[in-house]
Amino acid sequence: MASSVTVRAPSSTANLGPGFDVFGLAVDAFFDEITLTKTKEKKVTITTKDNIPTNPNHNTAGLVIQNMIKKFRTKDGIQITIKKEVPAGFGMGSSAASAAAAALAFDKLYRLNLDDNLLVELAGFGEKASAGSVHYDNVAASVLGGFVIVRTDPLDVIKIDPPTSLRMCIAVPKLAVPKKKTKVSRGVIPKKISLSDSIINLSNAAAIVAGFMRKDPEMIGNSIRDVIVEPARQHMIPGFAKVKYNAIEAGAFGVTISGAGPSVIAFSKSSANLKKISAAMEKGFAHAKTDCLTVICKPSKGATKIR
Ligand code: ADP
């Protein structure tokens, strides 16, 4: 049996507007790479050059591996080497990409052949290290790739292959994000919502699913409309309204906050002028005196063993 395995897992965007805590989409904007190496000393250690916790109890990959060692009663120690590309804390599923790569790498290292749902469940355990609670939208996308719908109690992940012409423009603003950003941004969401708002969100969420089934980027993008979470969170992103307005003026079908933010994501298709949309988003942020990095990307496949 190999003593070392390397897995790459993609970034992801959660929610897609009205699909709060339910929808996820893997995107090929960034990838995390995790190498697991068996060691004689029976403990879990983390090596990384990136600015993330190296205590396994506070690192999503560390939590996943510790939990899997316990669950599958493996006898070795594990050294986790993390090469991060997904920026941490910007709503691009950074903590989830590490967790997803770690879960699949452990599965491959010990040839466990775990099924998709269990892999997602085990990767989701890692999210405790970042968000403080288990949630599966980003990890499901990062493990499985494509578009995912997550149901819980019991966990059930439905995957749909996205249209090949779907494209996204993402603007990652250069902001100092709070340590417990996901917790903070969950705190501003209303506890109660009106029936009329829930009807608007439900109808748009249903249309997003229909858009993925019909392989129709325009139907997906036009349905990225969220009247519940986005209005409550947008004040946390300087220039959000302008970024959104500009992207739509430049031809994007729909724009929303990526996950818990602060990245903003515009949905479009391959034949559109994607550079124009990205430049328009950049201008929107510049209006609020905020620099940003823009990336044009497409849906990604899930976590993959590369060595
Ligand atoms: P994101 O959407 O980027 O995952 P979160 O706020 O959910 O944003 O998670 C980022 C937080 O998780 C940061 O505080 C970071 O220090 C912590 N974290 C723990 N382990 C990791 C990891 N392996 N990769 C990225 N972030 C991690």
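Criteria and cut-off values
- Residues numbered from 1 in each chain as written.
- Predicted model: local features only at pLDDT ≥ 70, side-chain atom pairs only at ≥ 80, totals over all residues.
- Heavy atoms only, no water.
- Near = heavy atom within 4 Å.
- Polar contact = N/O pair within 3.5 Å; in protein donor to acceptor, adjacent residues only side chain to side chain.
- Areas by Shrake-Rupley, 256 points an atom, 1.4 Å probe, with all protein chains shown as cover.
- Helix = DSSP H or I, 4+ residues; strand = E, 2+ residues; numbered from the N terminus.
- Nonpolar A, V, L, I, M, F, W, Y, C, P; charged D, E, K, R; others polar.
- Salt bridge = Lys/Arg side-chain N within 4 Å of Asp/Glu carboxyl O.
- Buried < 20%, exposed > 50% of the residue type's maximum accessible area, 1.4 Å probe, protein only.

### Considering the site of the ligand
Phase 1: Close to the ligand lie 20 residues, the nearest being Lys84, Gly89, Ser95, Ser130 and Thr182.
Phase 2: A distance of 3.0 Å separates a nitrogen atom of the ligand from a polar atom in the backbone of Thr60.
Phase 3: Between the ligand and Ser98 there is a distance of 3.1 Å, counted from a nitrogen atom to a side-chain nitrogen or oxygen.
Phase 4: Out of a free accessible area of 560 Å², the ligand has 91% covered by protein chains.
Phase 5: Residue assignment for the shell around the ligand shows that the elements contributing at least two residues are helix 2 (94-109) and helix 6 (181-187).
Phase 6: At three residues, helix 2 tops the list of elements feeding residues into the shell around the ligand.
Phase 7: Counted by class, the shell around the ligand contains six nonpolar, eleven polar and three charged residues.

### Digging into the pattern of salt bridges
Phase 1: Tallied over the entire structure, the rule returns nine salt bridges.
Phase 2: A salt bridge links Asp32 to Lys84, with the nearest nitrogen and oxygen atoms 2.3 Å apart. Here Lys84 lies in the loop between strand 4 (77-83) and helix 2 and Asp32 lies in strand 2 (residues 23-39), a separation of 52 residues in the sequence.
Phase 3: Under the relative-accessibility criterion, Asp32 is labelled buried at 0%.
Phase 4: Three or more residues are tied together by salt bridges with common partners; here these are Glu33, Lys83 and Arg307.

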